Amino acid sequence: MLPFAAALQAQTVLRNPTPIDFSYAGYGAGEPIPFVPAVLRVAPSGGDDTGLLQRALDRISSMPPKSHGFRGALLLAEGRYHVQGQLHLRVSGVVLRGTDPQKTVIVAEGIDRRSLIEVGASKDPALDKARNVTEDAPAGAMTLTLDNVEGLATGDHAVVRRPSTEEWISAMSMSG
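Residues numbered from 1 in each chain as written. Predicted model: local features only at pLDDT ≥ 70, side-chain atom pairs only at ≥ 80, totals over all residues. Heavy atoms only, no water.

Asks: For this particular structure, what's the right way to read the pattern of salt bridges?
Replies: If charged atoms from side chains of opposite charge come close, those side chains can pair. Counted by the stated rule, this structure contains three salt bridges. Between R114 and D112 there is a salt bridge, with the nearest N and O atoms lying 2.8 Å from each other. Relative accessible area serves as the criterion here: at 26%, R114 is assigned to the partly exposed category. Between D128 and R131 there is a salt bridge whose closest N-O contact spans 3.7 Å. (Salt bridge = Lys/Arg side-chain N within 4 Å of Asp/Glu carboxyl O. Buried < 20%, exposed > 50% of the residue type's maximum accessible area, 1.4 Å probe, protein only.)

Asks: Quick question: what am I supposed to make of the sheet that holds strand β1 (residues 38-42) here?
Replies: Strand pairing within a sheet occurs via backbone hydrogen bonds; the two strands may be parallel or antiparallel. Taken together, three strands build an open sheet; the order of strands is β1-β2-β5 and the sheet is parallel. Whereas interior strands pair on both sides, the edge strands pair on one side only; in this sheet they are β1 and β5 (94-98). On average, each strand axis in the sheet is tilted by 25° relative to the strand beside it, whichever way the strands run. Note that β1 and strand β2 (residues 72-76) share four bridges and pair parallel. (Pairing = 2+ DSSP bridges. Helix = DSSP H or I, 4+ residues; strand = E, 2+ residues; numbered from the N terminus. Axes fitted to C-alpha atoms, helices over the stretch in contact; angles between N-to-C directions.)

Asks: Would you explain the nonpolar core in this entry?
Replies: Within soluble globular proteins, side chains that are nonpolar generally end up buried alongside one another. If you look at the biggest cluster of nonpolar residues, it comprises 15 residues, and the most contacted ones within it are L40, V42, L53, L57, L74, L76 and Y81. Residue assignment for this core shows that the elements contributing at least two residues are β1, α2 (50-61), β2, β3 (79-83) and β4 (87-89). Per-element accounting of this core gives the leading share, four residues, to α2. For L53, the residues in contact, after removing those within four places along its chain, are V42, L74, L76, Y81, V83 and L87. (Core = buried A, V, L, I, M, F, W, Y, C linked by side-chain atoms within 4.5 Å. Contact = heavy atoms within 4.5 Å.)

That is the geometry; function is a separate question.
This is how it looks when you write it as structure tokens:
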């Protein structure tokens, strides 16, 4: 009976090693979302609004960022916006906001599967030389120890790639 109890105890410890601290998720690691003034306002056309919304987003995207880092908000008047295509936000500092969360709705039309709003550059950014992590970092860690920090400065953006090996998938209880 003892080996069974030991096996149960070991299974309980390994059951869910995923991090549960989401305090750094979301805008600015949990900071309040800033109010960004609207620089453009649109109303639904009654037809396919894909072009209308994309042109408005593109116009705001072409504006220079203000001192607070935002270009401005696109304010959607109350109503249903029908989108048969896909909307793209390719630069930072653009906000898409409705006048009323209950009365302003964007509806993905059609039967194809797609992301309704795609956020990010149209191509991956150029990356500098890769650096290796030299010490294990547990899930949720806020620091990494690198083999070389030459050329890096506080505030630099970083891309962290973690291979999904069989061992890692099993340790995360995702192999079932």
